[in-house]
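Residue strings, one per chain:
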Amino acid sequence: DDYFLGRPKLDQIIVKFIPDGNTMLANLLSGEIDANVGRGLTLDQADQLNERWMDGKVQYNLTAPIHIWPEMDARWSNPPAIRDVRFRRALLMAINRQELIETFTGGRSKIAATAWLSPGDAEFPAVEKSIVQYAFDPRQSVQLFADAGFSRGVDGLFRDAWGAVVSPEIRTSTRVNETLSIVDYWKQVGIKAQPYTIPRQLAQDLEYRTQFTGFEVIRSPIQPRTITSGELRTPETKYVGANYANYSNADYDALAARYYAAIARPDRVQAENDIMNWLSDQLIDLPLMYDTEPIAAKNRLSGLGPRYGGVTVRGASNVWNAQDWDLTS
């Protein structure tokens, strides 16, 4: 009764755990449940539901970004050019991100300009001008590889100064199809990446996930502190931390600290602009697109929907406003 946003309209919500998407689909169609929460339905299953469901509708929520983390620790990064921003920019410009969106989300997602603030965030308009944009441009990509010191052979593949083919590993645990598409885009501009799917038994091994050599494709939210030195995964912290890239820069640490210390809005917005420019200029991660999450709800259930005008970057599910849900007869 004393909830600070006002008394919720519903007295009780019953939550059922249904790990199988087909079972969830059947429960929605039969009327056993009123809505799904978070990940549970694939886009194909959501499309089936839309075609067959007379009692409800499906919305599509944009959630955390899918992006490519480069290994920035000199002890493991291979090739060393991974730490050269020209190499990372070339790789991103070689990927047709809009085509990825059409292929894997049916056009429902958006290109992630950065992996932090999204177009749905209230302060995004105030920082958008600071974001460095990277259009799909294979020609420019090839030029950047040459600028980074690689030479292209008669077979179309780039080689380093010792004549070895540039062949970084790109791995993933769940984004296999997207990763294979990225490998194909990179091959077209002369980079012969080696795809690798992380075995299920190693997916939770933090030391293994920390010490990789090339790139990892993953869905994960990011905050300014994510790539600070305090979030590095080290033996001392038992490899616990959010800094997937193993990136460390004292100037960036100071910038992030300034953001978290800012109280006045102008100071916070200025820090946000500086961070967005740093992230997009240096490409500490290579942002691809926002993940797409179907939200199915019966017509009798109102008030349930995506957060921030359709974009949820910080991982909140569609229960974020459960106090507003209501039922009609």
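Residues numbered from 1 in each chain as written. Predicted model: local features only at pLDDT ≥ 70, side-chain atom pairs only at ≥ 80, totals over all residues. Heavy atoms only, no water.

> Go over the packing of helix α1 (residues 21-30) against helix α2 (residues 43-52), please, and point to the residues and values.
Here α1 crosses α2 at 15 degrees, and the two axes come no closer than 11 Å. Considered as vectors, α1 and α2 are oriented roughly parallel to each other. Our pair here, α1 against α2, has a crossing hand that is right-handed. Residues Gly 21, Asn 22, Leu 25, Leu 28 and Leu 29 of α1 touch α2, and the partners they reach there are Gln 45, Gln 48, Leu 49 and Arg 52. (Axes fitted to C-alpha atoms, helices over the stretch in contact; angles between N-to-C directions. Helix = DSSP H or I, 4+ residues; strand = E, 2+ residues; numbered from the N terminus. Parallel < 35°, antiparallel > 145°, perpendicular 65-115°, else oblique. Left-handed = near helix turned anticlockwise from the far one by under 90°. Contact = heavy atoms within 4.5 Å.)

> Go over the packing of helix α9 (residues 250-261) against helix α10 (residues 265-282) with me, naming the residues and quoting the values.
Between α9 and α10, the shortest axis-to-axis distance is 9 Å and the interhelical angle comes to 150 degrees. By the criterion of interaxial angle, the relationship of α9 to α10 is roughly antiparallel. Every pair of crossing elements has a handedness; the one defined by α9 and α10 is left-handed. Residues Asp 251, Tyr 252, Leu 255, Ala 256, Arg 258 and Tyr 259 of α9 form the contact with α10, whose own contacting residues are Arg 268, Gln 270, Ala 271, Glu 272, Asp 274, Ile 275, Trp 278 and Leu 279. Grouping the constituent residues of the contact of α9 with α10 by class yields 8 nonpolar, 1 polar and 5 charged. (Nonpolar A, V, L, I, M, F, W, Y, C, P; charged D, E, K, R; others polar.)

> Quick rundown of the pairing of strand β1 (residues 56-70)? Include the residues and the values.
A regular strand carries its side chains on alternate faces of the sheet. Of all the 15 residues making up β1, 12 are buried; the element is thus mostly covered by neighbouring parts of the structure. Pairing of β1 with strand β7 (residues 286-298) involves 11 bridges; the strand directions are antiparallel. The residue of β7 that forms the bridge with Ile 68 is Leu 286. Where β1 and strand β6 (residues 215-219) come together, 5 bridges link them in antiparallel fashion. Residue pairing for β6: Ile 66 is matched across the bridge by Arg 219. (Buried < 20%, exposed > 50% of the residue type's maximum accessible area, 1.4 Å probe, protein only. Pairing = 2+ DSSP bridges.)

> An account of the nonpolar core is needed here, citing residue identities and associated values.
Of all hydrophobic cores here, the largest spans 34 residues; its most connected members are Ile 68, Phe 87 and Trp 186. Contributions of two or more residues to this core are made by β1, α3 (85-93), α4 (97-105), α6 (138-147), α7 (176-188), β6 and β7. Dropping the residues within four chain positions of it, Ile 68 is found in contact with Ile 95, Ile 182, Trp 186, Phe 215, Glu 216, Val 217, Asp 285, Leu 286 and Leu 288. The next biggest cluster of nonpolar side chains, apart from the first, holds 21 residues, and it includes Trp 116, Leu 117, Phe 124 and Ile 131. (Core = buried A, V, L, I, M, F, W, Y, C linked by side-chain atoms within 4.5 Å.)

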